[in-house]
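Overview (structure and organization)
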Amino acid sequence: MKTIKWLLLLFCAALAFNSCLGVSADIHIRADGSGKIALEYRVSQVLESMGRLDGNERWPAIPVGKADFERSVARIPGLRLSAFSAKSVSNVFGGKDLVTNVTLEFNNTGALLAFLDNTGAGVSFTQENGKNSLRLVLLDEAAVITDDDLLALLQEIAAGYTISVSLSAPKNASLTAIPSSVSFAQMVSQGKKVLAVIGLGDLLALEEGLTVEMSW
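Below, the structure is looked at part by part. None of the values given here were measured: they were computed from a predicted structure.

The rules behind each value
Residues numbered from 1 in each chain as written. Predicted model: local features only at pLDDT ≥ 70, side-chain atom pairs only at ≥ 80, totals over all residues. Heavy atoms only, no water. Helix = DSSP H or I, 4+ residues; strand = E, 2+ residues; numbered from the N terminus. Contact = heavy atoms within 4.5 Å. Areas by Shrake-Rupley, 256 points an atom, 1.4 Å probe, with all protein chains shown as cover. Core = buried A, V, L, I, M, F, W, Y, C linked by side-chain atoms within 4.5 Å. Buried < 20%, exposed > 50% of the residue type's maximum accessible area, 1.4 Å probe, protein only. Salt bridge = Lys/Arg side-chain N within 4 Å of Asp/Glu carboxyl O. Phe/Tyr/Trp six-rings, centres within 6.5 Å; stacked < 30°, edge-to-face > 60°.

**Some remarks on the overall build of the protein**
- Looking only at helices and strands, the protein has 6 helices and 10 strands in total.
- Of the contacts made within the protein by residues no fewer than 6 positions apart, 64% connect residues no fewer than 24 positions apart.
- Summing over all exposed atoms, the protein offers an accessible surface of approximately 11,300 Å²; the carbon and sulfur share of this is 52%.

In structure tokens:
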């Protein structure tokens, strides 16, 4: 029964977080609102296979296959796929991860937002008095894990994985975290390129969720 419990917790964890254990998003925005986003997904191949099982269409798909991104591009005007690669690498557990690198180009911020929303991330963009602000919810407060066993399991399988978000803007930018007390593995809060990196285990343990706002 204990084994069954842990398997159920693992399955719920995979569903809850789309099985994406490591994600990097590097956004470049030009003055006219066009640009590109370079993505890297690092996913356990055991969990990635869940996304390809027949009959699981009602669950969020793992967006690591080329066909996933081609479907997104086809749905979103002003978005195009310019590069795609995937490879298998060893992980800290002695198993294998599927590492997918994707570059998408967008004609305007609307296309970028449509793609980010499609991944399930909470996202908003505002323009006021010549200031642009892009806000990304990395962990919604409503999705904070309250089950100690589930949190412990997730933190164990999240070892070595990080969530990274960066923005290169046409002028100096700033990055703020909400709440501001969050401790990042790496953070650059001012400059032409701003960056926030947090361990996935650390992210999952946050009781208030986490939002990053990048302004320029």
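And the narrative resumes.
**Let's talk about the nonpolar core**
- With 54 residues, the main nonpolar core has Leu39 and Leu104 as its most contacted residues.
- Discounting chain neighbours no more than four positions away, the residues touching Leu104 are Gly35, Lys36, Ile37, Leu39, Phe69, Val73, Leu79, Arg80, Leu81, Ser82 and Phe115.

**A look at the pattern of salt bridges**
- According to the stated counting rule, one finds 5 salt bridges in the structure shown.
- Asp97 is the salt-bridge partner of Arg42, the closest N and O atoms lying 2.8 Å from each other. Of this pair, Arg42 sits in strand S2 (residues 35-44) while Asp97 sits in strand S4 (residues 96-106), placing them 55 residues apart in sequence.
- Of the charged contacts, one joins Arg71 and Asp68 as a salt bridge, the two residues approaching to 2.5 Å between their closest N and O atoms. Residue Arg71 and its partner Asp68 are both found in helix H3 (residues 66-75); the two are separated by 3 residues, about one turn of the helix.
- Looking at Asp68, the relative accessible area reads 18%, which means it is buried.

**Description of the packing of aromatic side chains**
- Inspection of every chain in the model, using the stated rule, returns 4 aromatic pairs.
- With 6.0 Å between their ring centres and 55° between their planes, Tyr41 and Phe69 make a pair best called tilted. Placement of the pair is Tyr41 in strand S2 and Phe69 in helix H3, with a sequence separation of 28 residues.
- For Phe69, a relative accessible area of 2% translates into the label buried.
- An aromatic cluster is defined as three or more aromatic residues linked by ring pairs; in this entry it consists of Tyr41, Phe69, Phe84 and Phe115.

These figures capture arrangement, not role.
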